[in-house]
Amino acid sequence: MGLFSKKDAKLITDPLADNNPITIQVLGICSALAITAELKASLVMAIAVIFVLGVGNVVISLMRNIIPSKIRIIVQLIVVATLVIIVDQVLKAFAYELSKTLSVFIGLIITNCIIMGRFEAFALGNGPWKAFLDGIGNALGYGVILIIVGFFRELLGSGTLFGIPVLGDAIEKTGVYKYGYENNGFMLMPPMALIIVGLLIWAQRSKNKDLIED
Amino acid sequence: MEKRTDKNVYTIIFAIVMVVVVGSLLAFTASKLKPAITENERIEKQQNILYALGVNENEGTGDIAFVSKAEVADLFKTKVTEQLVLESKDGKIIKTMTRQEYLDSDEKAKEPYLIDVKKQQANAKAGESRMLPLFVGTSEEGDTYYVAPIRGKGLWDAIWGYVALDKDMIVRGAFFDHAGETPGLGANIKQRYFMDDFYGEHLLTEAGAFKGITVAKGNADPKNNDKTDYEVDALAGATITGDGVAAMIKADLKLYLPYFQSLKTAN
C-alpha cells in the first residue's frame with residue numbers, strides 16, 4: 001500500500017461533496033454565517049481552518065492512546081486553543097498586518113464545531129496520516145462552501161468581489177446600476193448566509209438522491 | 001477490565017501534566033515574542049497617527065496605505081512637530097504639558113503616543129484626571145493639524161481611531177480601527193470609503209458649541225457633499241458599530257474643546 005491509497009484519497013474527496021461538513025453534517029454553521037459577507041474573509045477563514053484542523057487532527061491522533069476518556073473533550077479544546085494562540089502570537093510578531101486581519105477569526109476557530117467534531121469522530125480512532133488527510137479534507141469541504149457563500153453575498157450585497165467593484169459604481173450609477181439595479185443590502189445580513197446554505201443543500205440533494213433522509 | 005486511561009488517578013495526573021506543558025509552552029512563546037510584538041504595536045500607533053495627519057501612501061481610492069515600517073520612525077519625528085499631553089478633569093483642562101514636561105511629571109510616564117486611552121477612560125470614570133494626548137503637525141498646505149486618539153465600543157469589541165482636526169475643530173483626517181467587528185459589515189469602518197467621508201465635517205455649531213458627527217442611516221447625502229450636516233453615511237448592516245463610532249467621537253473629542261477654545265482666545 002502506498003502512502004496515498006484509494007481509501008486515503010477518499011478521506012479528502014468525501015468531505016468535499018457527499019459528506020460535506022456544512023451541507024451534509026450541518027456543522028460549522030455559526031462561522032459560515034458570521035464571516036461570509038465578503039469573499040476575502042471567507043478565504044482567510046478557510047485557510048486558517050485548514051491549518052488548524054490539519055495539525056490539530058495529527059496532534060490528537062498522536063495522543064489518542066493516552067488521553068483519558070473522561071476529560072477528552074477538554075483536552076481537545078486545549079489543543080485547539082493552544083494551536084490557535086501560538087499561531088496568533090507568531091503572526092503578531094512576524095506578520096503583523098496578517099494578524100490584524102485574522103484577529104477576528106481566532107475566537108471563531110476555537111468554537112468551530114467541525115474541529116471538535118473531527119477530533120472526536122476521527123482523530124481519536126485513527127493514525128496520524130489518516131487523521132491529517134481527514135482534517136485537510138473536511139477543512140477544504142468547509143472552505144469550499146464558505147467561498148461559494150461569500151461569493152454570492154459579496155457580489156449581490158455589495159456589488160464587489162475581494163473588495164473590487166465588478167458591477168459598476170452604485171453611487172455614480174455606472175455599469176449595471178445604470179439600468180436600475182440595486183445592491184441587496186439584505187445579503188449582508190447573516191440570515192441570507194443560511195438561505196444560501198439552504199439552497200446549496202437543496203441543489204446537492206436533488207442531484208444525489210441518496211443523500212435524502214426519510 | 002478497566003482501562004488504564006479510565007482511572008481517576010491517571011486522569012488527574014494527565015490533566016496536571018497537560019496544564020503544565022501547555023502553560024509553559026504558551027508562556028515561553030509569549031515572552032520570546034513580546035519584544036517583536038511591542039515593536040510592531042509601536043510602529044502601528046505611529047503609522048495610525050501619521051495616517052490621520054495625511055502622511056500616508058494612499059493612491060486614488062484604493063485601500064488604506066500606511067507609510068512603510070522603515071520610514072515611520074523618522075517621519076514621526078519630522079512630521080509631528082509637537083506632542084502635547086492635556087490633563088483633563090470634569091470636562092476642564094487643568095494642565096497642558098509638552099512631551100518633556102509629561103515625561104518628567106511621572107517616572108512611569110511613557111511616550112505620549114503610547115498613552116493607553118482605555119486606561120485613561122477608566123481613570124476618568126473613577127473620578128481621577130485623564131491624560132489626553134494631542135499630536136500637532138503641519139499639513140501640506142501649511143495648516144496646523146491636531147491629531148487626537150479616540151476609543152469606544154463597537155458591536156463585539158473595542159473600536160478606536162485617530163482624528164485630525166484643524167483649529168476650528170473641522171475634521172481633516174480620520175483613521176478608525178477595530179478589534180473584532182464583523183468582516184464585511186462593522187469591519188468596514190476601516191475602509192477608505194467610510195473614513196474619507198469624515199474629511200471636512202464640522203464638529204462645532206456656528207455658535208461654537210460641540211455637536212459631534214452622527215453616523216446616519218437613510219442615505220440623505222450619499223456623496224457626502226454637505227459638510228455641515230454633522231452626518232456621514234452609515235454602513236449597511238453595521239448600525240451598532242456606526243453608532244459606536246459616533247459615540248466615541250462625541251465623548252472623546254468633546255474633551256479637547258477647551259483646548260481649541262483657548263487657541264482661539266490666544267490669537
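Structure: see above.
Residues numbered from 1 in each chain as written. Chains lettered and ligands numbered in written order. Predicted model: local features only at pLDDT ≥ 70, side-chain atom pairs only at ≥ 80, totals over all residues. Heavy atoms only, no water.

### Focus on the overall build of chain A
Each helix and strand in chain A was counted, giving 8 helices and 2 strands. For chain A, the α and β elements follow one another from N to C terminus as α-α-α-α-α-α-α-β-β-α. C-alpha atoms of chain A, sized along the principal axes, occupy 65 × 50 × 35 Å. Per-residue burial over chain A gives 44% buried out of 214 residues. Residue pairs in contact within chain A that sit at least 24 positions apart in sequence constitute 75% of those at least 6 positions apart. Total accessible area on chain A is roughly 10,300 Å²; 70% of this is exposed by carbon and sulfur atoms. Of the side-chain charges in chain A, 17 are positive and 15 negative, and the distance between the mean point of each set is 6 Å. (Helix = DSSP H or I, 4+ residues; strand = E, 2+ residues; numbered from the N terminus. Buried < 20%, exposed > 50% of the residue type's maximum accessible area, 1.4 Å probe, protein only. Contact = heavy atoms within 4.5 Å. Areas by Shrake-Rupley, 256 points an atom, 1.4 Å probe, with all protein chains shown as cover. Lys, Arg positive; Asp, Glu negative; His and termini not counted. Charge placed at Lys NZ, Arg CZ, Asp CG, Glu CD.)

### A word on the overall build of chain B
Helix and strand counts for chain B come out as 7 helices and 8 strands. Taken over the C-alpha atoms alone, chain B extends approximately 85 × 50 × 40 Å along its principal axes. A sequence separation of at least 24 residues applies to 57% of the contacts in chain B between residues at least 6 apart. Total accessible area computed for chain B in this model is approximately 13,800 Å², and 53% of it derives from carbon and sulfur atoms. Side-chain charges of chain B comprise 33 positive and 39 negative groups, with the mean position of each set lying 7 Å from the other.

### Overview of a positive patch on the surface
A surface patch of positive charge is lined by Lys34(B), Lys108(B), Lys110(B) and Lys119(B). Among the secondary structure elements, Lys110(B) is positioned in the loop between helix 3 (99-105) and helix 4 (117-125). (Patch = residues over 30% accessible without salt bridge, like charges linked within 9 Å, V, L, I, M, F, W, Y side chains within 5 Å. Salt bridge = Lys/Arg side-chain N within 4 Å of Asp/Glu carboxyl O.)

### Brief notes about the pairing of strand 3 (residues 130-138) of chain B
Residues and elements named next belong to chain B. Among the 9 residues of strand 3, 8 are classified as buried, and the element is accordingly described as predominantly covered. Strand direction decides the pairing type here: strand 1 (residues 80-89) and strand 3, joined by 8 bridges, are antiparallel. Residue pairing across strands places Leu86 opposite Leu132, the latter belonging to strand 3. Alignment of strand 3 against strand 4 (residues 144-153), held across 4 bridges, turns out to be antiparallel. Opposite Val136, over in strand 4, you have Tyr146 as the bridge partner. (Pairing = 2+ DSSP bridges.)

### Structural notes on the nonpolar core
In this structure, Met169(B), Phe176(B), Phe198(B), Leu203(B), Val245(B), Leu253(B) and Tyr256(B) are the most contacted members of the largest nonpolar core, which totals 61 residues. The residues touching Phe176(B), leaving out its near neighbours within four places in the chain, are Ile150(B), Trp160(B), Gly161(B), Ile189(B), Lys190(B), Phe194(B), Met195(B), Phe198(B), Val245(B), Met248(B) and Ile249(B). (Core = buried A, V, L, I, M, F, W, Y, C linked by side-chain atoms within 4.5 Å.)

### Observations regarding the pattern of salt bridges
Residues and elements named next belong to chain B. If you walk through the whole model with that rule in mind, you get 12 salt bridges over all chains. Here Lys167 makes a salt bridge to Asp168, at a shortest N to O gap of 3.8 Å. Judged by its relative accessible area of 47%, Lys167 is partly exposed. Of the residues examined, Asp168 reaches a relative accessible area of 29% and is grouped as partly exposed. If you follow the salt bridges from partner to partner, you end up with Lys167, Asp168 and Lys264 in one network.

### Looking at the pairing of strand 2 (residues 92-98) of chain B
All names here are of chain B. One ladder, built from 6 bridges, connects strand 1 with strand 2; its direction is antiparallel. Residue pairing for strand 2: Ser88 is matched across the bridge by Ile93. Between strand 1 and strand 2, which follow one another and run antiparallel, lie 2 residues, and Asp90 among them has a positive phi close to 50°.

### Remarks on helix 6 (residues 113-121) of chain A
All names here are of chain A. Every buried residue of helix 6 is listed here: Ile114, Ile115, Met116, Arg118 and Phe119. Elements that come into contact with the buried residues of helix 6 comprise helix 3 (39-62), helix 4 (72-94), helix 5 (96-110) and helix 7 (128-158). One side-chain oxygen at the N-terminal end of helix 6 lies 2.9 Å from the backbone nitrogen of Ile114; it belongs to Asn112. (Polar contact = N/O pair within 3.5 Å; in protein donor to acceptor, adjacent residues only side chain to side chain.)

### A short note on the interface of chain B and chain A
On the chain A side, the residues contacting the 37 residues of chain B number 33 residues. Both sides of the chain B and chain A interface together cover about 2,800 Å² of buried area, and 68% of this is carbon and sulfur. Considering only the side of chain B, the residues that lose the most area to chain A are Phe14(B), Met18(B) and Pro183(B), jointly responsible for 19% of the buried surface there. Across the chain B-chain A interface, the total number found is 0 salt bridges. In this assembly, chain B and chain A are joined by 5 residue pairs in polar contact (both at pLDDT 80 or more). For the side of chain B that touches chain A, the element with the highest residue contribution is helix 1 (residues 8-52) of chain B, accounting for 17 residues. Considering only residue class, the side of chain B that touches chain A consists of 17 nonpolar, 10 polar and 10 charged. (Buried area = accessible area lost by both parts, 1.4 Å probe. Nonpolar A, V, L, I, M, F, W, Y, C, P; charged D, E, K, R; others polar.)

### Some words on the side chain of Asp177(B)
Summarising the element assignment, Asp177(B) is placed in strand 6 (residues 171-178). Exposure remark for Asp177(B): the relative accessible area of 2% places this residue in the buried category. With residues near it in sequence (within four places) discarded, Asp177(B) still touches Lys100(A), Glu44(B), Ile159(B), Trp160(B), Ile189(B) and Lys190(B).

### Let's talk about the packing of helix 3 of chain A against helix 7 of chain A
Residue and element names in this part refer to chain A. Where helix 3 meets helix 7, the closest approach of the two axes is 8 Å, and the angle between their N-to-C directions is 165°. The angle between helix 3 and helix 7 places the two elements in the roughly antiparallel class. Two packed elements cross with a definite hand, and for helix 3 against helix 7 that hand is right-handed. (Axes fitted to C-alpha atoms, helices over the stretch in contact; angles between N-to-C directions. Parallel < 35°, antiparallel > 145°, perpendicular 65-115°, else oblique. Left-handed = near helix turned anticlockwise from the far one by under 90°.)

### Let's talk about the environment of Thr182(B)
Take Thr182(B): it is sitting in the loop between strand 6 and helix 5 (192-195). Judged by its relative accessible area of 13%, Thr182(B) falls in the buried class. When the C-alpha atoms of Thr182(B) and Ala238(B) are compared, they prove to be 8.4 Å apart, with 56 residues separating the residues in sequence. In contact with Thr182(B), not counting residues within four places along its chain, are Ala34(A), Leu155(B), Trp156(B) and Ala187(B). Among the polar contacts made by the side chain of Thr182(B), one reaches the side chain of Trp156(B) at a distance of 2.8 Å.

Without other data, these values stay purely geometric and don't point to any function.
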